[in-house]
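Summary of structural features
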Amino acid sequence: MRKKILIAISLFIIIGISAYLFLYKGHRDVESETADYAVTVSGLEREFTSNDSLAYIKYQDKTIELSARVTSIDKAGNGIVMGEKVFVTFKGRLPQNIISGKTLKIKGRFLGYDELLQEFKIDQSSVVH
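Overview of the structure. (Residues numbered from 1 in each chain as written. Predicted model: local features only at pLDDT ≥ 70, side-chain atom pairs only at ≥ 80, totals over all residues. Heavy atoms only, no water.)

A few words now on the packing of helix 2 (residues 41-50) against helix 3 (residues 52-59). In contact at an axis separation of 5 Å, helix 2 and helix 3 are set at 130 degrees when each is read in the N-to-C sense. Compared by their axis directions, helix 2 and helix 3 come out oblique. Judged by residue contacts, Leu44, Glu47, Phe48 and Ser50 of helix 2 engage Asp52, Ala55, Tyr56, Lys58 and Tyr59 from helix 3. (Axes fitted to C-alpha atoms, helices over the stretch in contact; angles between N-to-C directions. Helix = DSSP H or I, 4+ residues; strand = E, 2+ residues; numbered from the N terminus. Parallel < 35°, antiparallel > 145°, perpendicular 65-115°, else oblique. Contact = heavy atoms within 4.5 Å.)

Structure representation (structure tokens):
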């Protein structure tokens, strides 16, 4: 009887620790990851227009590189809009060298398409030099 209780407690502890480690993984460091895709704004629009389900499967939560013109800067929201269609938020503070109207290359995690605002969302971004 005592042996069964010890086995049950041991299994409970092992399952509990495994579940905790599975659910609370370390944070991703998107900046150090290799980009899964290099895309343009028009390329994203084309893929999402032709088949948004396949595009979501392809890009969702993937690290992408995007090169486009900066169309607006939102210092309060720590983000920028690129190519009039992509809202990008940065990891940490907004880089000081970003200038509206200039072409910029960023790397970040693709979140998806906001149908209400009609824009793509990328977060955890960093400037690629």
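The next thing to look at is the pairing of strand 5 (residues 103-114). Bridge analysis of strand 2 (residues 63-74) against strand 5 gives seven bridges, and the strand direction is antiparallel. Opposite Thr63, over in strand 5, you have Arg109 as the bridge partner. As judged from the seven bridges shared by strand 5 and strand 6 (residues 119-127), these two strands associate in the antiparallel manner. Counted as the bridge partner of Arg109 is Asp123 from strand 6. Count of turn residues in the strand 5/strand 6 antiparallel hairpin: four residues, of which Gln118 carries a positive phi of about 55 degrees. (Pairing = 2+ DSSP bridges.)

Counting across every chain of the model gives eight salt bridges. Salt-bridge contacts for Glu47 lead to Lys58; the nearest nitrogen and oxygen are separated by 3.2 Å. Taken together, the residues Glu47 in helix 2 and Lys58 in helix 3 connect sequence positions eleven residues apart. Looking at Glu47, the relative accessible area reads 25%, which means it is partly exposed. (Salt bridge = Lys/Arg side-chain N within 4 Å of Asp/Glu carboxyl O. Buried < 20%, exposed > 50% of the residue type's maximum accessible area, 1.4 Å probe, protein only.)

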